[in-house]
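Overview (structure and organization)
As a plain string of letters, each chain reads:
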Amino acid sequence: MYFVISGRDRPEALEKRKETRAAHLAYWQELGDNLKLAGPYLDEEGNPTGSLIIIDVPSLTAARTYAEADPYVTQGVFESVGVTEWAWAINPPEETK
């Protein structure tokens with residue numbers, strides 16, 4: 001099952017985000033092929049303001065567990081985090097067709 005994890009940064013979190021970025025990337029890369037895509041939301045100046053992450057895990061509980069352990073959550077970069085089940089409707093990977 002696919003889940004979207006959408007985190008929005010706290011105001012003035014850019015420096016903390018930069019400090020935590022390596023840990024955040026390493027954390028999500030541990031999911032291997034179950035990490036389907038990820039990247040930052042950007043403001044008009046090109047600065048990150050949050051993150052979009054799509055993972056393939058067995059349940060909403062598992063997705064929430066992953067989201068809550070993200071270094072951007074544990075280190076206080078994100079102000080809010082949402083986790084929602086998602087259906088890949090257009091151009092899905094072959095295994096979901």
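Owing to the predicted nature of the structure, the values given are computational and were not obtained by experimental measurement. In every chain, residue numbers begin from 1 and rise along the written sequence. Totals for whole chains, interfaces and linings use all residues, but because this is a predicted model, local features are given only for residues with pLDDT of at least 70 and pairs of side-chain atoms are given and counted only at 80 or more. The side-chain numbers reported here are obtained from all heavy atoms of the structure, hydrogens and water having been left aside.

1. Some points on the overall build of the protein chain
Worth spelling out the cut-off: Note on conventions: DSSP H or I runs of at least 4 residues are helices, E runs of at least 2 residues are strands, and numbering of each starts at the N terminus. The globule rule is 2.2 Å times the number of residues to the power 0.38, and the radius of gyration it is compared with is taken over C-alpha atoms. Working definition: with a 1.4 Å probe on protein chains only, accessible area under 20% of the residue-type maximum means buried, over 50% means exposed, and in between means partly exposed.
Within the protein chain, the regular secondary structure consists of 3 helices and 4 strands. Ordered by position from N to C terminus, the α and β elements of the protein chain give β-α-β-β-α-α-β. Whereas a compact globule of 97 residues would reach a radius of gyration of roughly 13 Å, the protein chain reaches 14 Å, a difference of no more than 12%. Oriented by its inertia axes, the alpha-carbon framework of the protein chain measures out at about 40 × 30 × 20 Å. Here the protein chain holds 97 residues, and the buried ones make up 29% of them.

2. Observations regarding the sheet that holds strand E2 (residues 35-42)
The line we're drawing: Strand pairing is defined by DSSP finding a minimum of two bridges between the two strands. The angle between two axes is taken between their N-to-C directions and runs from 0 to 180 degrees, where each axis is a line fitted to C-alpha atoms and a helix contributes only its stretch in contact. In this description, contact between two residues means that some pair of their heavy atoms is separated by no more than 4.5 Å.
Taken together, the 4 strands give an open sheet; going across it, the order is E2-E3-E1-E4, and neighbouring strands pair in antiparallel fashion. Each edge of the open sheet carries a strand with a single partner, namely E2 and strand E4 (78-86). Here the strands of the sheet are splayed against their neighbours by 15° on average, with no regard to which way each runs. Together, strand E1 (2-9), E2, strand E3 (48-56) and E4 form the strand contacts of helix H1 (residues 14-29), whose direction differs from that of E3 by roughly 10°.

3. Description of the pattern of salt bridges
Pairs may arise between side chains of opposite charge once their charged atoms sit close together. Note the threshold: By salt bridge we mean one thing: a side-chain nitrogen of Lys or Arg within 4 Å of a carboxyl oxygen of Asp or Glu.
Summed over all chains, the structure comprises 2 salt bridges. A salt bridge links Lys18 to Glu15; its shortest N-O distance comes to 3.6 Å. With Lys18 and Glu15 both in helix H1, this residue pair falls 3 residues apart, about one helical turn. The class for Lys18 is exposed, based on a relative accessible area of 52%.

4. Looking at the layout of surface pockets
Any space left empty among the atoms is revealed by the rolling of a water-sized probe across them. We apply this condition: Using only the protein atoms, space was sampled on a 1 Å grid; points where a 1.4 Å probe fits but cannot get out form cavities, open sets with protein on both sides within 12 Å along at least five of seven lines form pockets, and lining residues are those with an atom within 4 Å of a point. Grid points are joined across faces, edges and corners, and a volume is the space filled by probe spheres set on the points.
Considering only enclosed or pocket space, the largest pocket measures out at about 270 Å³ in volume. Listed by contribution, the elements that provide at least two residues to the lining of the largest pocket are H1, E2 and E3. Among the elements that take part in the lining of the largest pocket, H1 stands out by supplying 6 residues, more than any other.

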